[in-house]
Amino acid sequence: MSEFPYLKDQDVVEVQRGPEPGGARGAYRAFGETLRGLKTTMARLVEGPLTIQYPEEKTPVYPRFRGRHKLHKFEDTGLEKCVGCSLCAAACPADCIRVVAAENIPGDRVSAGERYAAVYEINLSRCIFCGYCEIACPFDAITMGHDYEMADYDRADLIFTKEMLLAEPIERTPLRREGE
Amino acid sequence: MLPLADTGYVEATWVMVVKSLVIFGVIFAILPLMTVLERKLIGRFQHRYGPNRVGPYGILQPLADVGKLLGKEPFRPANAIPTLFILGPLLPVLSGVLALAIIPWGDVQDGVGLYGIDVPIGILYFFAVGSIAFYGLVLGGWASGSKYSFLGAMRSAAQLISYEVSMGLALLGAIMMAGSLSLVDIVHAQGEIWFIVPQAVGFLIFMLAGFAESNRAPFDLVEADAELVQGFMTEYGGMRFGSFLLVEYMEILVVSGIAAAIFLGGWMGPGPSFLDPVWMLAKMLALVLVFIWVRATLPRLRYDQLMSLGWKVLLPLATLNVLVTAVLVVVT
């Protein structure tokens with residue numbers, strides 16, 4: 001073991017070598033390996049394709065998948081949960097959320113709090129889908145949805161306004177069941 | 001000089017014309033389907049579907065491909081040699097079509113031989129015509145005025161000399177057993193047993209050389225996409241490129257046809273005699289599947305590896321095969 005003084009005895013394993021290339025044995029080996037290769041590819045053919053035909057077929061996403069944002073309203077009163085505190089905008093590392101708050105008028109309330117978001121915009125071409133806005137929000141007014149098909153022809157169309165975020169998104173994404 | 005009757009030109013002219021048109025039409029209907037078949041099968045070999053968007057099951061894909069190629073500009077590099085550059089893709093097409101003539105689709109039925117011509121020098125004709133294709137590759141590669149094309153052309157020349165000899169020797173065994181060079185006679189000689197059984201070595205060598213003849217994997221080093229950007233085809237575009245591609249498939253069909261006729265009993269099969277061309281076609285397609293299967297499996301051989309395989313393995317094996325066959329033919 002003087003050859004490898006830094007290795008313990010049991011760590012030295014003899015390398016297993018095939019026959020040398022060339023000569024009759026080498027030719028036989030090449031032939032055998034070729035047949036083995038042909039068998040391997042044929043086995044793949046028998047297994048059939050694994051491709052998912054994307055626009056028609058979709059892989060289901062996990063429940064915690066972070067897709068396009070959603071803004072929420074209270075189910076009973078119909079008031080917006082967002083109170084325009086701008087914590088999401090402060091938490092956003094990509095700086096893609098813009099909130100302009102306004103005072104609620106007592107007769108015509110928009111949100112449940114004192115103030116509401118008069119402007120709520122998310123620039124989805126900047127968003128990195130980290131989900132910090134969801135964590136920062138004290139009222140669970142913004143959550144990440146499951147929608148990821150947001151390609152568009154114009155960058156301006158990727159700035160989502162409050163109405164777009166409040167609207168029920170077209171659910172195009174299958175959801176993975178528990179344990180699937 | 002042979003009398004004309006001996007060369008098999010005994011049919012009326014219009015029969016010959018109709019036969020040629022039918023063979024040409026059928027083959028050119030099969031070629032595009034072969035490209036889809038290959039792409040779909042290669043896909044399946046890799047756990048994919050392959051083209052399946054154009055038409056039902058992607059069957060119209062070649063139509064879309066040809067449409068695209070026809071819409072391309074017939075570009076020619078500034079320092080190319082015009083006439084030779086245009087001649088490049090033409091010669092292989094010519095050679096492929098000429099070689100199709102001798103593939104036997106059936107015996108003489110109702111006074112009409114179901115083959116283009118039954119040339120008494122059959123296999124020599126195949127070699128003579130098949131080699132013309134390489135003039136196309138070398139001329140095209142050289143006339144492109146590009147170093148990649150030139151390298152590809154040189155490789156194809158080197159490849160030609162390393163497999164052509166073994167290819168000829170591989171067939172020699174079958175020729176000796178049949179006692180004739182005519183493909184029709186060779187098929188007739190297989191009445192008792194297909195030549196693939198006594199000539200298994202010859203069949204393997206012929207198929208290996210056939211992969212090289214049609215520039216297919218594992219011997220596609222002539223057009224090696226990764227290193228030579230398609231070799232001799234680099235500077236070609238549009239339908240000129242398309243015809244190089246067409247020739248590749250045509251040569252696969254020709255090599256499969258010759259192999260099916262010489263080793264797999266040609267048109268022989270159960271059923272009435274009008275099924276003969278169908279049997280021939282089925283055997284050819286089975287061999288085409290082998291071509292695709294091998295392409296999906298084997299990596300490309302290096303330049304020197306092809307040389308040493310051709311000269312050190314295939315040539316001695318083929319020679320030995322010929323010698324043993326010769327002794328056995330004389331003894332029995």
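Computed from a predicted structure; not experimentally measured. Position numbers for residues count from 1 along each chain, tracking the sequence in the order it is written. Whichever chain is written first becomes A and whichever ligand is written first becomes 1, with later ones labelled in order. At least 70 in pLDDT is required for a residue's local features to be given in this predicted model, at least 80 for side-chain atom pairs to be given and counted, and no such filter applies to totals for whole chains, interfaces and linings, which use all residues.

Observations concerning the overall build of chain B
Piece 1. Secondary structure is summarised from DSSP: a helix means a run of H or I of at least four residues, a strand means a run of E of at least two, and numbering begins at the N terminus for each. Secondary structure assignment for chain B yields 11 helices and 2 strands.
Piece 2. Sequence-ordered secondary structure for chain B, helices as α and strands as β, is α-α-α-β-β-α-α-α-α-α-α-α-α.
Piece 3. For the radius of gyration, the atoms used are the C-alpha atoms, and the globule rule reads 2.2 Å times the number of residues raised to 0.38. Over its C-alpha atoms chain B spans a radius of gyration of 20 Å, differing by no more than 12% from the 20 Å that the globule rule assigns to 332 residues.
Piece 4. Summarising its shape, the C-alpha atoms of chain B cover approximately 60 × 50 × 45 Å along the three principal directions.

Notes on the overall build of chain A
Piece 1. Along chain A, the regular secondary structure elements total 4 helices and 5 strands.
Piece 2. Sequence-ordered secondary structure for chain A, helices as α and strands as β, is α-β-α-β-β-α-β-β-α.
Piece 3. Each of the 180 residues in chain A was classed as buried or not, and the buried ones make up 13%.
Piece 4. Of all intrachain contacts in chain A linking residues separated by at least 6 positions in sequence, the fraction that spans at least 24 positions is 69%. Put plainly, a residue is buried at 20 or more neighbouring C-beta atoms within 10 Å of its own, exposed at 12 or fewer, and partly exposed in between, counting only other residues' C-beta atoms, which are placed from the backbone. Whether two residues are in contact depends on their C-beta atoms, placed from the backbone: they are in contact if these lie within 7 Å.

Details of the packing of helix α4 (residues 122-143) of chain B against helix α5 (residues 147-178) of chain B
In helix packing, the relevant descriptors are the interaxial angle and the interaxial distance, both defined with respect to the helix axes.
All names here are of chain B.
Piece 1. Between α4 and α5, whose axes approach to 9 Å, the crossing angle comes to 175 degrees. As summarised for this structure, α4 and α5 are arranged roughly antiparallel, according to the angle between their axes. When α4 is examined against α5, the residues I123, F127, F134, L137, V138, G141 and W142 are found in contact with a partner set consisting of S149, F150, G152, A153, S156, A157, L160, G168, L171 and I175. To define axes, lines are fitted to C-alpha atoms, for helices over the stretch in contact only, and angles between the resulting N-to-C directions are given on a 0 to 180 degree scale. Note on angle classes: values under 35 degrees are labelled roughly parallel, values over 145 roughly antiparallel, values of 65 to 115 roughly perpendicular, and the remainder oblique.

A few points about the pairing of strand β3 (residues 115-123) of chain A
Piece 1. Paired strands, in this sense, are two strands between which DSSP finds at least two bridges. As paired elements, strand β2 (residues 97-103) of chain A and β3(A) share 7 bridges and run antiparallel to each other. Bridge assignment links R98(A) to a residue of β3(A), and that residue is E121(A).

Remarks on unusual backbone geometry
Residue and element names in this part refer to chain A.
Piece 1. The phi dihedral of S86 falls on the positive side, at around 70 degrees, and the residue is not glycine.
Piece 2. By secondary structure assignment, the location of S86 is in the loop between β1 (69-71) and α2 (87-91).
Piece 3. By the C-beta count within 10 Å, which is 17 here, S86 ends up partly exposed.

Here's the deal with the sheet that holds β2(A)
Piece 1. Read from one edge of the open sheet, 3 strands run β2-β3-β5 (chain A), paired in antiparallel fashion. Here the strands that pair on one side only, and so sit at the sheet edges, are β2 and β5 (159-160) of chain A.

Examining the packing of helix α3 (residues 82-100) of chain B against helix α9 (residues 238-263) of chain B
All names here are of chain B.
Piece 1. Across the interface, α3 lies against α9 with an axial gap of 9 Å and an inter-helix angle of 25 degrees. Judged by the angle between their axes, α3 and α9 are roughly parallel. Remark: the crossing between α3 and α9 carries left-handed chirality. Together, P89, P92, V93, G96, A99 and L100 of α3 and R240, S243, F244, L246, V247, M250, E251 and V254 of α9 make up the contact between the two elements.
Piece 2. Asp, Glu, Lys and Arg are counted as charged, while Ala, Val, Leu, Ile, Met, Phe, Trp, Tyr, Cys and Pro are counted as nonpolar; the rest, among them Gly, fall into the polar class. For the contact of α3 with α9, the per-class residue count stands at 10 nonpolar, 2 polar and 2 charged. Crossing handedness follows the turn of the near helix against the far one: under a right angle anticlockwise gives a left-handed crossing, and clockwise gives a right-handed one.

Here's the deal with the confidence of the model for chain B
All names here are of chain B.
Piece 1. Known as pLDDT, the predictor's per-residue confidence is scaled from 0 to 100. Looking at chain B as a whole, its pLDDT mean stands at 83, while 95% of the residues score no less than 70.
Piece 2. Taken element by element, the predicted model of chain B shows its lowest mean pLDDT in helix α8 (residues 225-228) (70) and its highest in helix α10 (residues 276-297) (88).
Piece 3. At the level of chain-chain contacts, confidence expressed as ipTM amounts to 0.71, with global pTM at 0.76.

Let's talk about α5(B)
Residues and elements named next belong to chain B.
Piece 1. Each residue after the first adds 1.5 Å to the expected span of a helix. Taking 1.5 Å of rise per residue, 32 residues should cover 46 Å, and α5 covers 46 Å from first to last C-alpha, within 8% of that figure.
Piece 2. The angle between axes fitted to the seven residues ending at a residue and the seven residues starting there is what we call the bend at that residue. The sharpest bend along α5 comes to roughly 30 degrees, located at Y163.
Piece 3. Note on α5: the residue one or two positions beyond its end, G179, has a positive phi of about 75 degrees.

Describing helix α7 (residues 200-213) of chain B
Note that an α-helix has 3.6 residues per turn; residues three or four places apart therefore point the same way.
Residues and elements named next belong to chain B.
Piece 1. The end-to-end C-alpha separation of α7 is 19 Å, in line with the 20 Å expected for 14 residues at 1.5 Å each.
Piece 2. For α7, the complete set of buried residues consists of G202, F203, I205, F206, L208, A209, G210, F211, A212 and E213.
Piece 3. As for α7, its buried residues are in contact with α4, α5, α9, α10 and α11 (303-331).
Piece 4. Phi for N215, located one or two positions after α7, is positive at around 55 degrees.

Details of the nonpolar core
Residues and elements named next belong to chain B.
Piece 1. Counting residues in hydrophobic clusters, the biggest one holds 82 residues, and the most contacted among them are A259 and I262.
Piece 2. The element contributing the most residues to this core is α9, with 15 residues.
Piece 3. Not counting residues within four places of it along the chain, the set of residues in contact with A259 comprises F203, F206, M207, G210, L264 and L287. Residues enter a nonpolar core if they are buried, belong to Ala, Val, Leu, Ile, Met, Phe, Trp, Tyr or Cys, and are joined to the set through C-beta atoms within 7 Å.

Thoughts on the environment of P49(A)
Piece 1. On the secondary structure map, P49(A) appears in the loop between α1 (23-47) and β1.
Piece 2. Between the C-alpha atom of P49(A) and that of K39(A), which follows or precedes it by 10 residues, the distance is 17 Å.
Piece 3. The contacts of P49(A), once residues within four sequence positions are left out, are R44(B), H47(B), R48(B) and Y49(B).

What to know about the domain arrangement of chain A
Interfaces are frequently sized by the accessible area removed from exposure as the parts join.
Piece 1. Domain start and stop positions are those given by an automatic or database domain assignment. Domain assignment breaks chain A into domain 1 (10-47) and domain 2 (69-166).
Piece 2. Taking only C-alpha atoms, the centre of domain 1 of chain A and the centre of domain 2 of chain A are 60 Å apart.

Some points on the environment of G106(B)
Residue and element names in this part refer to chain B.
Piece 1. Considering the arrangement of structural elements, one finds G106 in strand β1 (residues 104-109).
Piece 2. Placed 172 residues apart in sequence, G106 and V278 show a C-alpha to C-alpha distance of 9.2 Å.
Piece 3. Setting aside its immediate chain neighbours within four residues, G106 contacts L114, W267, D276, P277 and M280.

Some words on the environment of A326(B)
All names here are of chain B.
Piece 1. Structurally, A326 can be placed in helix α11.
Piece 2. The exposure class assigned to A326 is partly exposed, which follows from the 14 C-beta atoms found within 10 Å.
Piece 3. In this structure the C-alpha to C-alpha distance between A326 and I132, which are 194 residues apart in sequence, comes to 30 Å.

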